[in-house]
Amino acid sequence: MAEATLPGVREDSPLVALLKDAGIAAAIAFLLALPLMGFQTLDSGTTVELQYRFHWVAIATVGVFFGRIVFTLLYRRAGAARSKAPGIVGQGMARVGEGLGRFLVPAFILFALILPFLPFADRREIDLATYVLIYVMLGWGLNIVVGLAGLLDLGYVAFYAIGAYSYALLAKTFGFSFWLCLPLAGILAAFLGILLGFPVLRLRGDYLAIVTLGFGEIIRVILVNWQPVTGGPNGISGVPRPTFFGLPFTNDPAEGETAFHEFFNLDFASLHRFIFLYYVILALVLVTNAVTLRLRKMPIGRAWEALREDEIACRSLGINPTNTKLTAFAIGAMFGGFAGSFFATRQGFISPESFTFIESAVILAIVVLGGMGSQAGVVVATLFLVLLPELAREFAQFRMLIFGAAMVLIMVWRPQGLLAHRAPTVSLGPGSGGAR
Amino acid sequence: MLRLSGVHTFYGRIEALRGVDLTVEEGEIVTLIGANGAGKSTLLMTICGNPRARRGEVRFEGRDITQMPTHDIVKLGIAQSPEGRRIFPRMSVIENLKMGAQNFGLAHFDEDLDRIFRLFPILKDRQSQRGGTLSGGQQQMLAIARALMSRPRLLLLDEPSLGLAPLVVKQIFETIREINQRQRVTVLLVEQNAYHALRLAHRGYVLVNGRISMSGSGAELLANPEVRAAYLEGGHV
């Protein structure tokens, strides 16, 4: 390969090393691409035929070869620059982020508030925004457990599922309204969070991750198998839609009911329901953020962060680690429960399919990629991981490829997460001894 | 004020403390010296109930605290600056101090903060800096300051001189004396730096293999040939 093209050059010459490295990468790419891209099955009615696409394999191999060379050269230069000025770049970026934040955050909230009335916003856009906001809420909920308290939870989707099923079952069985079910679902999820918390309190890091992973699967398996209550794999359909303070969003309301559009003298449009749902989740998301920011400044929030930093030191300062961890689990779970009930009412149909491990992984990826403990980071990471794949549906074939590449790139360039700057919760004026 | 009688502590099946008797009277600075692995830190941790003594009794102001959970012991007025400082590196100096105070009510926070900043002026200059970016000496000061924020009556210090330059060690020990004299905090100090510790302390204990082998006033122990041979030769004279 590389040696053959350049005879006589010594082994350790940088050019040879570069070509050799790229050659190995290309060889791996070839081996992977041959079965993955080289063959395609075509379903022609009765028989399945194989189609060969060896030109794709060739393109991939050549692409990886040159891509690897470019990457190595770029990375070498970036590494040299970094070693010259350690830390300065990161700090500068954090400062820029801070200044932008003061302007960007209100702008972002304003944009979110008027989104449904913007000219380009149609049913699809509003629905997509709703979908993204659910993940923002889940990300913020998990951020309390993982980002602030430092407890690696791989089964967060369990609380999402509990919220969804609580709402579906309570609403269908007892006819409770969405607004009554919401706090109930939250309480139930929080309760299960505590129930999970008790046995795992002594565990940390990897061990905790394994147990929570198991918990998430247990909940899913229960949902699949407890047929009489959860409907098993068929799920629950016909979950009641939310109403606008008792006014349903339908074209033909039941006897004695007034529909939303009749009450406000509007023409019926299914869009109304989507806009309403959007505002509900937006309100939930804003409440989640407000509560989290408030908690961070309260003793319990500081205790979470301190616990993440050093458990032994916390003990010696009179913090009860048991209670502190349980509150983190419970509050994180509660927000997951809220998001779950909203998901149920939005979909109108839920099944265990929606609560698989990959959901937990995506939510965790949102928290980690955004920068542990960073609220704004969660939003940015959600746009990255949820919105982008939805928008790029045409490239669905390459979705996982891009997803993986993005993850690798972020871990190389910003291993702390996209917005990892941690703002202190207490600040003093110059020269004063006062705080709070 | 603090009385340990016949305390045995185990790590699994390994006996780290083999029947320790020790007292600390109100207003004293008592130091505990000994070689690596003698059980000094274990003794300090046992007072805080982590790990708990398997046999024997720990009494604080007449109260049996042997079986109490750590966070309750701390609330009785015992504060600990643990071995290796263990400040919260990602949190600011002020947040670290707040962590020290918050389980005892934040009512006196501003007042206590002023007091702490008079004791450690450098912390005032560094108040919004992250704990992890402080120098070793500053981190040690922060660890002591954080422990003091809970207004303890008994302060347990585990090797405050660990890994610090001689000049900084001197400064830290000076501050410990000040805390003891001006703020009337009783101090139990665990040290490897026997010379400084014995000069500072009213009384001292020597711990060897989990047993107290000697005790006496700081000056007595400093003059004792055995102590000199074991802990002072080659160091300060």
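Keep in mind it's a predicted model, so treat the numbers as computed, not measured.

What about the interface of chain A and chain B?
Opposite the 23 residues of chain A that make contact, chain B presents 30 residues. Of the residues belonging to the side of chain A that touches chain B, the class tally is 10 nonpolar, seven polar and six charged.

A look at the sheet that holds strand β3 (residues 29-34) of chain B
Residues and elements named next belong to chain B. One open sheet holds the six strands; their spatial order is β6-β7-β8-β3-β9-β10, and the pairing between them is mixed. In this open sheet, the two edge strands, each paired with only one partner strand, are β6 (78-81) and β10 (211-217). Sheet twist, expressed as the mean angle between neighbouring strand axes with direction ignored, is 15 degrees.

Regarding the packing of helix α5 (residues 123-148) of chain A against helix α15 (residues 357-370) of chain A
All names here are of chain A. Relative to each other, α5 and α15 sit at 70 degrees, their axes nearing to 9 Å. Comparing the axis directions of α5 and α15 gives the class roughly perpendicular. As α5 packs across α15, the resulting crossing turns out to be right-handed. Every residue of α15 that contacts α5 at Tyr-135, Leu-138, Gly-139, Leu-142, Asn-143, Val-146 and Gly-147 is listed here: Ile-363, Leu-364, Ile-366, Val-367 and Gly-370. Across the contact of α5 with α15, the residue classes tally to eight nonpolar, four polar and no charged.

Considering the environment of Arg63(B)
Residue and element names in this part refer to chain B. Position of Arg-63 among the secondary structure elements: in strand β5 (residues 63-64). By the C-beta count within 10 Å, which is 10 here, Arg-63 ends up exposed. Residues Arg-63 and Leu-76 lie 13 residues apart in sequence; the distance between their C-alpha atoms is 9.8 Å.

Here we look at the sheet that holds β5(B)
Pairing between sheet strands relies on hydrogen bonds along the backbone, with the strands arranged either parallel or antiparallel. All names here are of chain B. Taken in spatial order, the four strands line up as β2-β1-β4-β5 in an open sheet, and their pairing is antiparallel. The sheet is open, and its two borders are formed by β2 (14-24) and β5, each paired with just one other strand. Pairing of strand β4 (residues 55-60) with β5 involves two bridges; the strand directions are antiparallel. Pairing of Phe-60 across the sheet is with Arg-63, part of β5. Sitting on the sheet, helix α1 (residues 40-47) touches β1 (2-11), β2 and β4, and the angle it makes with β2 is about 70 degrees.

Digging into the domain arrangement of chain A
If you check the domain split of chain A, you get domain 1 (2-82) and domain 2 (100-242 + 277-413). Look at where the C-alpha atoms of domain 1 of chain A and domain 2 of chain A centre, and you get two points 39 Å apart.

A short note on the pairing of strand β9 (residues 203-208) of chain B
All names here are of chain B. Buried residues dominate β9, accounting for five of its six residues. Here β3 runs beside β9; their pairing, made up of five bridges, is parallel. What sits directly across from Leu-32, in β9, is Tyr-205. Here β9 pairs with β10 via six bridges, running antiparallel. Along β10, the bridge assignment pairs Leu-207 with Ile-212. Linking β9 to β10, which pair antiparallel, is a turn of two residues; within it Asn-209 sits at a positive phi near 50 degrees.

Cut-offs and rules
- Starting from 1, residues in each chain are numbered consecutively following that chain's sequence as written.
- Lettering of chains starts at A and numbering of ligands starts at 1, both following the order in which they are written.
- Only residues with pLDDT of at least 70 are given local features in this predicted model, and only at 80 or more are side-chain atom pairs given and counted; all residues enter the totals for whole chains, interfaces and linings.
- By the criterion used throughout, residues are in contact when their C-beta atoms, derived from the backbone, lie within 7 Å.
- Side-chain classes follow a simple rule in which Ala, Val, Leu, Ile, Met, Phe, Trp, Tyr, Cys and Pro form the nonpolar group, Asp, Glu, Lys and Arg form the charged group, and the remainder, Gly included, forms the polar group.
- Strand pairing is assigned whenever DSSP detects at least two bridges linking the two strands.
- What counts as a helix is a DSSP run of H or I of at least four residues, what counts as a strand is a run of E of at least two, and both are numbered from the N terminus.
- For helices, the fitted axis covers only the stretch in contact; all axes are lines through C-alpha atoms, and the angles between them, taken along N-to-C directions, range from 0 to 180 degrees.
- We call two directions roughly parallel when the angle between them is under 35 degrees, roughly antiparallel when it is over 145, roughly perpendicular when it lies between 65 and 115, and oblique otherwise.
- Left-handed describes a crossing whose near helix is turned anticlockwise from the far helix through less than a right angle; right-handed describes the clockwise counterpart.
- To assign burial, the other C-beta atoms lying within 10 Å of each residue's own C-beta are counted, with C-beta atoms placed from the backbone; 20 or more indicates buried, 12 or fewer indicates exposed, and intermediate counts indicate partly exposed.
- For the domain bounds, the source is a domain assignment made automatically or taken from a database.

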